[in-house]
Every structure is written in C-alpha cells, then in structure tokens.
Amino acid sequence: THFGFEQVALDEKQGRVDDVFRSVAKRYDLMNDLMSGGLHRAWKSHLISMLRPPRNRPFHHLDVAGGTADIAFRCLEAGGPETHVTVLDINESMLRVGAERAGHRYDGRIDFVTANAESLPLPNEAFDAYTIAFGIRNVPRIDLALAEARRVLKPGGRFLCLEFSKVDLPVLDRIYDAYSFHVIPRLGASVAGDADSYRYLVESIRKFPTPGRFAGMIEDAGFKHVTHRPLSGGIVAIHSGWKI
Ligand code: SAM
C-alpha cells in the first residue's frame, strides 16, 4: 500500500539519522565548534535568553533531540535550584556523552530519556518549556513531533526551536553554499572520519521548510503567537510558540 511504502521511507530516514549520530557522538562537540566557528554557542545562548528560566520557582524543561546536553547545561546554569531538565534523544550514544559531560554537577536536576520525538513516553501537561535545537530537521514526521510537543506542555508553556534556516543575504548565501558543500564534508572526513554523514546533514538543511512555512506548521499543531527570528543572517532561526 501507499502507506506501507511511505513507512519504509520514513524508517529509512530515521535509520540514516541514527547511523549519523552514532558514528559522530564522540566527536560531536568538537565538530560543532569547528563547523560553526564557535557560533553554535552564541545561538544556543540566545535560545536560553528567550527561554529565561525563572530562578525562584520550579521550572520543568524538556529538551528534545538534546544530544550531548548543551541546551540543558545552559538552562541549568541560567535557572534556579528548582530548574529541572529532561534531555531526550533517540540516540543513546549521544546521551551517554551528555551524561559523562554532566558528571555529578547537576544530580537531581537533570535526567536522560532515550525516545523518539514523534512519540514521547511522557505524561500530558508536564513541562513549562519544550526546546529542540538542531533536531527537528532530523525527525521524519515533523507534524507528529509538534503534536507531541504541545501535548506534554502545560497550558501557558513555551515551545522554542533552534534550527538551520535560509540565508537571505546576497554574498553570504554564496559563501554559505560553498562552505556547506566543500568545507563541511571535508571537515567531517578529517575530524570525524565520516564525510557522508556530514554530506547528509548539509542536504537535510536544504530540504527543511522555509521559516514561514515552518511557522505555519507550528500553528497547525495548535500553538499560538507563533513568531520566528533569523540569527546570523538567517544561517539559523528561532521559532517560538505558546500553548494557550
Ligand atoms: N540539541 C543538540 C545540540 O544542539 O547540540 C544536538 C543536536 S544534533 C544535530 C541532532 C540530534 O537529534 C541527535 O542527537 C539525534 O540523535 C537526535 N534525533 C534525531 N532524530 C530524532 C528523533 N526522531 N527523536 C529524538 N531525537 C532525534
């Protein structure tokens, strides 16, 4: 059936994504710094400055596709003693690196869950915030992930997504293209020993919907006051929405 065919394609996509991150987990943080020239740190900090975890009351934050826990650490640093982060990722290798990095620094304030963004093993209305950074692009059925995001958020909860976007400045777009197609796969080959994985990542960025269309998908999932803003000339964008 048509559904069967589609299911195979979706499973293949997820399988491919899993291979990529299993193969790069150990080198992932180094690669991020090298590939973005350290910019990913500023983008992640920007996300947390929009989230503004409160310092004086409980705050339950779910970071999906949390990988090596970069977003979680920043939220825990910015928040207070009652800030708690659940880091969820489909890939255990990535989470293991995250848990190692955390050590015992945040015991009792962080936990790690291996699961798919498309079906969260988490109760309804449990979180004050849901973030996903450089993750949604890898999820085969984005609409399912968005529906799950809304389900697990409390009324009044915040959705924030940091993702690669569309560079819309002349010149910068050319530089960005050359960089993506030539530099990134080479970096992937020499540092992570895996050019194909990084070629795949570049392709997945191109295929991702435009910021306007993605905002529409977030609205379709039932979020309100949906906004998006480009950072660094549109290399990345942050989409925001509220569960009202
Ligand atoms: N958020 C982290 C960061 O910004 O450094 C990690 C981003 S990394 C580019 C993408 C992550 O998405 C990987 O850790 C991968 O395992 C995870 N991922 C891919 N598909 C997923 C899915 N369907 N559900 C949950 N996580 C997924």
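Nothing here was measured: the structure is a model prediction, and the numbers come from that model.

### So, the UniProt feature "binding site: S-adenosyl-L-methionine" (unreviewed entry) in the protein chain
- Using the residue numbers shown here, the UniProt feature "binding site: S-adenosyl-L-methionine" (unreviewed entry) corresponds to Thr 68, Asp 89, Asn 116 and Ala 117.
- Relative to the helices and strands, Thr 68 resides in the loop between strand 1 (59-64) and helix 4 (70-78).
- Setting aside chain neighbours within four positions, we find Thr 68 in contact with Tyr 28, Asp 29, Met 94, Val 97, Gly 98 and Arg 101.
- Tracing the backbone shows Asn 116 in the loop between strand 3 (110-114) and strand 4 (127-133).

### Quick notes on unusual backbone geometry
- Phi at Arg 52 takes a positive value of approximately 40 degrees, unusual for a residue other than glycine.
- Assignment of secondary structure puts Arg 52 in the loop between helix 3 (39-51) and strand 1.

### Regarding the nonpolar core
- Core analysis: the largest hydrophobic core is formed by 58 residues, its most contacted members being Leu 47, Ala 72, Tyr 130, Phe 159 and Leu 162.
- Here this core takes 6 residues from strand 5 (residues 153-164), the largest share from any one element.
- With near-sequence residues (within four places) excluded, Ala 72 lies in contact with Asp 63, Gly 66, Val 85, Val 87 and Ile 110.

### Some details on the sheet that holds strand 5
- Sheet architecture is open: 7 strands sit in the order 3-2-1-4-5-7-6, paired in mixed fashion. This sheet does not close on itself; its edge strands, each paired only once, are strand 3 and strand 6 (224-231). This sheet shows a mean twist of 15 degrees between the axes of neighbouring strands, independent of strand direction.
- Of the strand pairs in this sheet, strand 1 and strand 4 are connected by 4 bridges, and their pairing is parallel. Its bridge partner being in strand 4, Asp 63 is matched across the sheet by Thr 131.
- Against the sheet, helix 3 contacts strand 4, strand 5, strand 6 and strand 7 (236-242), and its axis sits at roughly 160 degrees relative to strand 5.
- Along the sheet face, helix 6 (residues 142-152) touches strand 1, strand 4 and strand 5 and points at about 145 degrees away from the line of strand 5.

### Focus on the pairing of strand 2 (residues 83-89)
- For strand 2, the tally of buried residues reaches 7 of 7 residues, placing the bulk of the element in the interior.
- By the alternation rule, side chains of strand 2 split into Thr 83, Val 85, Val 87 and Asp 89 and His 84, Thr 86 and Leu 88, which are all buried.
- Pairing of strand 1 with strand 2 involves 6 bridges; the strand directions are parallel. Its bridge partner being in strand 2, His 60 is matched across the sheet by His 84.
- Bridge analysis of strand 2 against strand 3 gives 5 bridges, and the strand direction is parallel.

About the criteria used
Residues numbered from 1 in each chain as written. Predicted model: local features only at pLDDT ≥ 70, side-chain atom pairs only at ≥ 80, totals over all residues. UniProt positions renumbered as here; feature names shortened; annotations may be inferred. Helix = DSSP H or I, 4+ residues; strand = E, 2+ residues; numbered from the N terminus. Contact = placed C-beta atoms within 7 Å. Core = buried A, V, L, I, M, F, W, Y, C linked by C-beta atoms within 7 Å. Buried ≥ 20, exposed ≤ 12 C-beta atoms within 10 Å, placed from the backbone. Pairing = 2+ DSSP bridges. Axes fitted to C-alpha atoms, helices over the stretch in contact; angles between N-to-C directions.

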